[in-house]
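Residue-level structural notes
The primary structure of each chain is shown beneath.
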Amino acid sequence: MTVGRKRDETRDADILRAVLDVLVETSYAELTIEMVAARAGAGRGTIYRRWAGKDELILAAIACTDRTDLETGRLPDTGALRGDLLAMLDPDWLGSGDRRMRILASVTAMMSRNPDVSAAVSAAIVEPSVDAYRHLIQRAVDRGEADPAADVAAMAQVIPAMAGHRALVLRQPVDLAFFTTIIDGVVLPALARRS
């Protein structure tokens, strides 16, 4: 058995940031491992030792952008559901609106070319957000702020689903004004306690 150099995990962040930068400048179809390696100042072998190919690399780049902020212990607790929902929002997730639209367009292209990647996209992007919203909504139910009969699982999907539809289908910005409208006009009224 040959013992090689220990993997330098500090390179991962540079590589994953480079993936997103290259996606913004090109597209899913045009992105190559060579382009990412050049942007990150890494060798192709370094990338291939970590990720099997382009799809896996793109998914890892997107997943790492906000995964730690969605861990239960790091979720906001303002004492009110509206405050929690607004505090959790990051309209600059993946960068500016134009940057985010370009990245999401590449994700959509990746899914259309490789339908098997849909589950991975859901696991990387959708499921962590839905889990975080589920936690915030359940906490509001537990403290008596939201209707105890509310379908917490369904309501947790509303914001991610509407944001995805707006960005991927309508190709419109997913900004703070949009999120505030969804929270105030859809989520909070649906969760209001019934008298």
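All of the points below concern the structure found in this document. (Residues numbered from 1 in each chain as written. Predicted model: local features only at pLDDT ≥ 70, side-chain atom pairs only at ≥ 80, totals over all residues. Heavy atoms only, no water.)

This brings us to the overall build of the protein. From N to C terminus, the protein includes ten helices and zero strands. The secondary structure elements of the protein, listed N-terminal to C-terminal, are α-α-α-α-α-α-α-α-α-α. Within the protein, contacts between residues separated by at least 24 positions form 66% of all contacts whose residues are at least 6 apart in sequence. (Helix = DSSP H or I, 4+ residues; strand = E, 2+ residues; numbered from the N terminus. Contact = heavy atoms within 4.5 Å.)

Turning our eyes to something else, we now look at the environment of Arg139. Of note, Arg139 is situated in helix 7 (residues 118–142). Once residues lying within four places of it in the same chain are set aside, the contact partners of Arg139 are Pro76, Asp77 and Asp84. A distance of 2.5 Å separates the side chain of Arg139 from the backbone oxygen of Pro76, its partner in a polar contact. (Polar contact = N/O pair within 3.5 Å; in protein donor to acceptor, adjacent residues only side chain to side chain.)

Attention now goes to the nonpolar core. The biggest cluster of nonpolar side chains holds 31 residues, and the ones touching the most others in it are Ile15, Val19, Val36, Ile47 and Leu57. For this core, the secondary structure elements donating two or more residues are helix 1 (10–25), helix 2 (33–40), helix 4 (54–63), helix 6 (97–113) and helix 7. Contact partners of Val36, with chain neighbours within four places excluded, come to Ile15, Ala18, Val19, Val22, Leu31, Ile47 and Leu57. Judged by nonpolar contacts, the second largest core, of 30 residues, contains Leu81, Leu85, Val130 and Ala167. (Core = buried A, V, L, I, M, F, W, Y, C linked by side-chain atoms within 4.5 Å. Buried < 20%, exposed > 50% of the residue type's maximum accessible area, 1.4 Å probe, protein only.)

Tallied over the entire structure, the rule returns 14 salt bridges. The salt bridge partner of Asp14 is Arg11, with a shortest N-O separation of 3.0 Å. Here the residue Asp14 and the residue Arg11 both occupy positions in helix 1, the gap between them amounting to three residues, near one helical turn. Asp14 sits in the partly exposed class, given a relative accessible area of 28%. The closest approach of N and O atoms between Arg143 and Asp84, which form a salt bridge, is 3.3 Å. Note that Arg143 is positioned in the loop between helix 7 and helix 8 (152–155) and Asp84 in helix 5 (residues 81–88), a separation of 59 residues in sequence. (Salt bridge = Lys/Arg side-chain N within 4 Å of Asp/Glu carboxyl O.)

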